[in-house]
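Fold and geometry: a report
Listed below are the residues making up each chain.
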Amino acid sequence: MASSMRHASTPRDGLDSLTLEVMRRHLISSVAEMVRTTTRTAYSTVFSEALDFSCALFDEDGRMIAQAAGLPVHVGALGDALQDMFRYYDSFERGDVIIHNDPYAGGTHQADVAVIRPMFHEGAQLGFAVNRGHWADIGGMTAGGWGGGARHVIQEAITIPPTKLYRKGEVIREIRDFVLRNVRMPAQAWGDLQAQIASAITAERRVVDLAERYGVDAVREAGRRAITYSGDRFRRQMAVIPDGRYEAQDIMDDDGFGGDPRTLSISVVKQGTSLTVDFEGTSAQVAGSINATLAATKAAVHTALINIIDPEIPINAGSLEAVEIKAPLGSLVNPTYPAPCFAGLADTTARSYETIFKALADAVPERVAAGSYASGTCTTGWGFVGGNEFVWYAFGPGGCGARAWGDGNSAEWNAMGSCKNESAEVWENRYPVRVRELAFVPDSAGAGRWRGGLGQVKALQLLEDTYVSASIDHMIGLPFGLQDGETGTNNAITLDEDGVERDFPTRFGTQSLGKFSNLLAPAGSTLRIYAGGGGGFGPVSERPRELVEADIRGGYISQDAARERYGFEPGDPAQHEKGQS
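A brief look at the structure comes next. (Residues numbered from 1 in each chain as written. Predicted model: local features only at pLDDT ≥ 70, side-chain atom pairs only at ≥ 80, totals over all residues. Heavy atoms only, no water.)

1. Side note on the overall build of the protein
The helix and strand inventory of the protein stands at 17 helices and 20 strands. Computed over the C-alpha atoms, the radius of gyration of the protein is 24 Å, within 12% of the 25 Å expected from 2.2 N^0.38 for a compact globule of 581 residues. Oriented by its inertia axes, the alpha-carbon framework of the protein measures out at about 80 × 60 × 45 Å. The buried share among the 581 residues of the protein stands at 59%. Within the protein, counting contacts between residues at least 6 apart in sequence, those at least 24 apart form 73% of the total. (Helix = DSSP H or I, 4+ residues; strand = E, 2+ residues; numbered from the N terminus. Rg over C-alpha atoms; globule rule 2.2 N^0.38 Å. Buried < 20%, exposed > 50% of the residue type's maximum accessible area, 1.4 Å probe, protein only. Contact = heavy atoms within 4.5 Å.)

Shown next, in the form of structure tokens:
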């Protein structure tokens, strides 16, 4: 082919902006193909059904140049992991694979294992393909890792600093065996890991194709242009936020050990093209697992600002580097070793994201949403069936906040999660459970001109004795409303052994409503996980009567709740006029 005869290191003469834009989009589509490869080859439902993983391309200096879809809490933090890798390795060969999950060196939490593979063409390094995905189990004292009873990061899971698992395409047996010996489901973990590696190989093939057509230098230039494009667009669009200082706070329920509620304090300072987010005043780190690593906190900040400023901006190093983040060392959002941090990724980051929305609610009301259930509602089960070990990981959606222009999404993922719902049928086929209920929770949405989204209940009948662990917040504080909208409802988790639902403090004497480890739920009992409803937006009195009627018909709100919250009386024509005023 003529393209293969071109010198790979020299870009085509006269490479213009249009061609570079085509190349930039080729890089983004390459990441999208990484995603498809992962879902088609992964083993666990966490990867194949819920899509709890993210893919991206980086240049040879470790700067992100392209990403597609994926979880915001993964993508915004990936660059820190690559910088940590460079502290261990300064040279790479084709076929190398590095794995990494250290939460205190660019990781989020240990379950999110990053697979990093350098890409080469004719001896020239093109950059790195990266896949960070959530392993269903990564060792530690609690199956699945979501143990609200951990007091030390070592209890939560094994920690892997940047480590070569493959060298020049050959697996390093000792490393492989060490990792798999320390997880509960080694076949599943290895299967998911191979899917991650396959996605990186797919990316290399796509990028090499680009290099064969245009040359290595041109590919590198396309990456630089992609970074510049995102950075320039982010700073230009930043004008939607008026200059000023904006502040807000939120409260985390507890640390899992009876500690007092903890405060998230955020200020956003905007001046021209300068934007700073400061967490000064946030509570100190705690003994429990709600601490969020600095990388995870950065992801929360960037996700919130991208969604407010311009959700269509391609996320890469350009947009990520346009914001200054100040997070006090030793705080809930930037803890020091050995504070546990497993749940901080799911819950504390979601609350940081929403607190930025709350801070900017008056400045850009049309660009923010009210509060959501804001938790992963992360719950795991572990046990044995006929001598075979099982681990399941239940995490799911809830009610999202209303917007200035519409109701909140019901049973949808919060912004930091952005996963997919898993199939109940697949669950029943793979795990010893029966899904007895998977439904909206009526009357869970915060009232307002626009109501919040409805929460969800998932009821799992346990067919075997199961050790249950959980890390769930927002079980005391309520999702906030905006512009006089009302609050949403709490998250909750209960166990029904005899037809009576009991919370875990009542049944087991736990110190926390939603943070505990390794509690035995007997076969035949039913575990119910409730995700709360989102907050409302705008005065309740301004909700049109026909929308209240539609909610009643749909079973979203009861007649009693319609009467109490909206003053709704069937057959009252004055209510229609009131709602249209």
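2. Some thoughts on the nonpolar core
Within soluble globular proteins, side chains that are nonpolar tend to cluster in buried spots. Residues Leu57, Ile138, Phe234, Val277, Leu305, Ile356 and Leu360 are the most contacted members of the largest nonpolar core, which totals 114 residues. In terms of residue count, the dominant contributor to this core is helix H8 (residues 186-214) (eleven residues). Not counting residues up to four positions away in its chain, the partners in contact with Val277 are Ile266, Ser267, Val268, Val301, Leu305, Val323, Glu324, Ile325, Lys326 and Ile356. (Core = buried A, V, L, I, M, F, W, Y, C linked by side-chain atoms within 4.5 Å.)

3. Details of helix H5 (residues 78-88)
Every buried residue of H5 is accounted for by Leu78, Ala81, Leu82, Asp84 and Met85. Down the axis of H5, the buried set is contained in an arc of 160 degrees. They therefore lie on one face. Along its buried surface, H5 packs onto strand E1 (53-58), strand E2 (64-67), helix H4 (72-75), strand E3 (97-100), strand E4 (112-121) and strand E5 (124-134). (Arc of directions from axis to C-beta.)

4. Points about the sheet that holds E1
Ordered by their spatial adjacency, seven strands build an open sheet running E2-E1-E5-E4-E3-E6-E7, and the pairing between neighbours is antiparallel. Each of the sheet's edge strands pairs with one partner strand only, and the pair in question is E2 and strand E7 (170-171). Examined bridge by bridge, E3 and E4 share three bridges and lie antiparallel to one another. Directly across from Ile99, in E4, lies its bridge partner Val115. Against the sheet, H5 makes contact with E1, E2, E3, E4 and E5, and its axis sits at roughly 120 degrees relative to E5, the strand it touches most. Across the sheet, H8 touches E1, E3, E4, E5, strand E6 (163-167) and E7, and the angle it forms with E4 is around 30 degrees. (Pairing = 2+ DSSP bridges. Axes fitted to C-alpha atoms, helices over the stretch in contact; angles between N-to-C directions.)

5. Digging into the environment of Ala296
Tracing the sequence through the fold places Ala296 in helix H10 (residues 294-309). Of the residues examined, Ala296 reaches a relative accessible area of 0% and is grouped as buried. Spatially, the C-alpha atom of Ala296 lies 9.0 Å from that of Asn334, the residues being 38 residues apart in sequence. Among residues more than four places away in sequence, those in contact with Ala296 are Ala77, Thr108, Leu345 and Thr349.

6. Looking at the pattern of salt bridges
Across all of its chains, the model carries 38 salt bridges by this definition. Of the charged contacts in the structure, one is a salt bridge between Arg351 and Asp250, with a shortest N-O distance of 3.0 Å. Taken as a pair, Arg351 in helix H12 (residues 348-359) and Asp250 in strand E8 (residues 244-252) lie far apart in primary sequence, 101 residues in all. Owing to a relative accessible area of 0%, Arg351 belongs among the buried residues under this scheme. A salt bridge links Arg367 to Glu366; the nearest nitrogen and oxygen atoms lie 3.8 Å apart. Here Glu366 falls in the partly exposed class, since its relative accessible area comes to 44%. Three or more residues are tied together by salt bridges with common partners; here these are Asp250, Asp254, Arg351, Asp473 and Lys515. (Salt bridge = Lys/Arg side-chain N within 4 Å of Asp/Glu carboxyl O.)

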